[in-house]
Amino acid sequence: MMEKKRVALENLGCKLNYAETIQIEKEFRRRGFDIVDPSSSADIFVINTCTVTQSADSDCRQVVRRALRTSPQAFVVVTGCYAQGKPDEVAQIEGVDLVLGAKEKFELFDHVDEFTKNYHARIFVGPVEDAVEFGAADSAVHNARLPAARGERTEARSGVQARTRAFLKVQDGCSYNCSYCTIPKVRGVSRSPSVAFLVTQAEEIAANGFKEVVLSGVNVGDFQKRGGDSFFKLLTELEKVDGIERIRISSIEPNLLTKDIVKFVASSTKYCKHFHVPLQNGCDEILKKMRRRYDSVQYREIVEYVKETIPHAGIGADVIVGFPGETPELFEKSLGFIENLPLSYLHVFTYSEREGTDATTLDGIVDSRVRKKRSEALRMLSSRKRYEFNRKHVGKIMKVLIEEEVKNGKMFGFTSNYIRVEIESNPSKVNEICDVLITGVSDNTVMGRVIL
């Protein structure tokens with residue numbers, strides 16, 4: 001009997017990439033391949049890449065080299081945004097056998113069957129304009145042992161930890177044209193499937209025993225904006241799915257986060273009281289250069305409305321520092337603006353020049369050392385905000401979805417408002433929503449005790 005080939009999948013980048021990596025994994029499983037951890041020896045490595053920053057590109061090169069150190073004869077497939085944007089550059093990485101673009105990543109088995117090492121990488125990357133279909137619009141439902149044996153620890157697979165949350169891809173691409181962003185060039189225009197299709201996918205997630213589903217996409221709030229369905233309709237229909245106890249919106253643009261959505265989430269027993277609302281900068285002068293679709297006043301109004309409507313809501317934001325034209329005065333203005341917002345945490349990105357974007361033509365380039373210093377200042381602000389937000393919950397009993405074991409006999413999970421909670425290990429609680437008394441707080445985590 002021929003031995004099954006072993007496949008390792010490595011995911012780089014966002015939750016949307018995660019959902020797509022799981023979909024690729026499912027196709028390998030369906031065809032009888034064994035899935036192994038990326039740190040193990042494998043016959044095939046599939047790397048789903050990001051290209052938001054230069055470091056994302058270098059991450060891909062490092063992963064390829066690491067894979068070939070572990071398995072020198074492995075067949076290496078590189079797909080995702082870096083592959084779509086710079087296929088020739090990816091193909092030049094020593095050891096890469098196959099490069100697949102945004103559309104082609106879901107057609108892998110149309111382009112290869114033997115998985116035999118090549119002398120030169122083969123490239124199948126069509127124009128991004130061809131990426132007009134939703135692709136393999138499937139939920140990222142893990143085929144782990146969790147539904148059959150709930151007390152067992154979830155397995156680590158695919159370069160990401162298999163947990164109790166499933167990622168449902170509801171939207172792809174972006175029709176915005178932010179001056180710094182490569183995503184429209186590598187993922188194409190905004191597109192979504194029907195609400196009915198996604199409800200079916202959510203029902204599959206529920207049938208597999210998952211308690212939380214995360215709605216993922218490049219610009220989820222733009223769901224079917226030009227069609228008959230709307231993001232609000234999607235939210236209301238998904239709430240009706242039996243078996244799903246939590247629904248989390250991964251990220252939503254401030255101009256698309258309406259008061260109706262906020263009020264609906266506030267009244268819902270399923271939707272997580274957590275919003276991630278990209279800001280990028282706190283100065284209107286820079287927002288205009290970035291071609292963002294809101295100003296600082298509009299941003300403040302929506303996050304303050306969230307906090308007024310849902311006082312215990314967790315609110316996160318993306319921020320880019322060192323954008324061209326960001327003078328010391330404008331940085332201080334942005335820093336002060338962010339400091340006075342009711343945010344719980346920040347995701348801080350140091351501006352990175354991306355080839356082909358309009359931002360590279362702007363004057364006022366910020367020195368790399370200054371960018372680094374400003375990033376550190378914002379990360380310190382983020383740590384302070386997260387600590388202050390977490391501290392307010394000490395002494396409270398919170399609902400926590402227990403996810404997995406970590407080191408030193410501890411387990412962790414997340415509250416609805418996205419606080420990471422650490423508890424004493426109890427594997428029988430994995431994938432259970434438990435009442436947890438918050439007993440203490442550290443830098444990024446709170447400590448808790450399960451209330452029996």
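Our subject is the structure that appears above.
Residues numbered from 1 in each chain as written. Predicted model: local features only at pLDDT ≥ 70, side-chain atom pairs only at ≥ 80, totals over all residues. Heavy atoms only, no water.

### As for the packing of helix H8 (residues 231-238) against helix H9 (residues 259-267)
Running from N to C, H8 and H9 cross one another at 10°; their axes reach a closest spacing of 10 Å. Put simply, H8 runs roughly parallel to H9. In contact with Phe231, Phe232, Leu235 and Thr236 of H8, H9 contributes Asp260, Ile261 and Phe264. Across the contact of H8 with H9, the residue classes tally to five nonpolar, one polar and one charged. (Axes fitted to C-alpha atoms, helices over the stretch in contact; angles between N-to-C directions. Helix = DSSP H or I, 4+ residues; strand = E, 2+ residues; numbered from the N terminus. Parallel < 35°, antiparallel > 145°, perpendicular 65-115°, else oblique. Contact = heavy atoms within 4.5 Å. Nonpolar A, V, L, I, M, F, W, Y, C, P; charged D, E, K, R; others polar.)

### Some thoughts on the pattern of salt bridges
Evaluated as defined, the whole model comprises 33 salt bridges. A salt bridge links Lys105 to Glu20, with the nearest nitrogen and oxygen atoms 2.8 Å apart. Pair noted here: Lys105 is in the loop between strand E5 (96-100) and helix H5 (108-111) and Glu20 is in helix H1 (residues 15-30), with a separation of 85 residues, a long-range link. Of the two residues examined, Lys105 and Glu20, each falls in the buried class. Between Lys240 and Glu237 there is a salt bridge whose closest N-O contact spans 3.0 Å. Note on Lys240: relative accessible area 57%, which makes it exposed. Judged by relative accessible area, which is 26%, Glu237 ranks as partly exposed. Each of Glu20, Lys105, Lys169, Asp172, Arg187 and Arg191 takes part in one network of salt bridges that share partners. (Salt bridge = Lys/Arg side-chain N within 4 Å of Asp/Glu carboxyl O. Buried < 20%, exposed > 50% of the residue type's maximum accessible area, 1.4 Å probe, protein only.)

### A word on the sheet that holds strand E14 (residues 314-321)
With respect to topology, three strands assemble into an open sheet ordered E13-E14-E15, the strand pairing being parallel. Each edge of the sheet is formed by a strand with only one pairing partner; in this case those strands are strand E13 (274-276) and strand E15 (345-350). If you compare each strand with its neighbour and ignore which way they point, the axes differ by 15° on average. As judged from the three bridges shared by E13 and E14, these two strands associate in the parallel manner. Within the sheet, the bridge partner assigned to His276 lies in E14 and is Gly316. Relative to E15, helix H13 (residues 368-391) is tilted by about 170°, and along the sheet it contacts E14 and E15. (Pairing = 2+ DSSP bridges.)

### What about the packing of aromatic side chains?
Enumeration over the complete set of coordinates arrives at 15 aromatic pairs. Pairing Phe109 with Phe115 gives two aromatic rings, centres 5.9 Å apart and planes at 75°, and the pair type is edge-to-face. Take Phe109 and Phe115: they sit in the same class, and that class is buried. One aromatic cluster is present, built from ring pairs that chain together Phe28, Phe33, Phe75, Phe109 and Phe115. For the cation-ring pair, Lys259 lies above Tyr305, with the distance from its terminal atom to the ring centre recorded as 5.0 Å. Note that Arg293 overlies the ring of Tyr176, its terminal NZ or CZ placed 3.8 Å from the centroid. (Phe/Tyr/Trp six-rings, centres within 6.5 Å; stacked < 30°, edge-to-face > 60°. Lys NZ or Arg CZ within 6 Å of the ring centre and 35° of its normal.)

### Details of unusual backbone geometry
Non-glycine residue Gln280 carries a positive phi angle of around 80°. Within the secondary structure, Gln280 sits in the loop between E13 and helix H10 (284-290). The phi angle at Arg291 is positive, at roughly 65°, despite the residue not being glycine.

### Here we look at the pairing of strand E1 (residues 6-11)
Across the six residues that make up E1, a large majority, five, are buried. Pairing analysis gives three bridges linking E1 to strand E2 (residues 34-36), with the strands arranged parallel. Following the sheet pairing, Arg6 is matched in E2 by Asp34. The pairing of E1 with strand E3 (residues 44-49) spans five bridges and is parallel.

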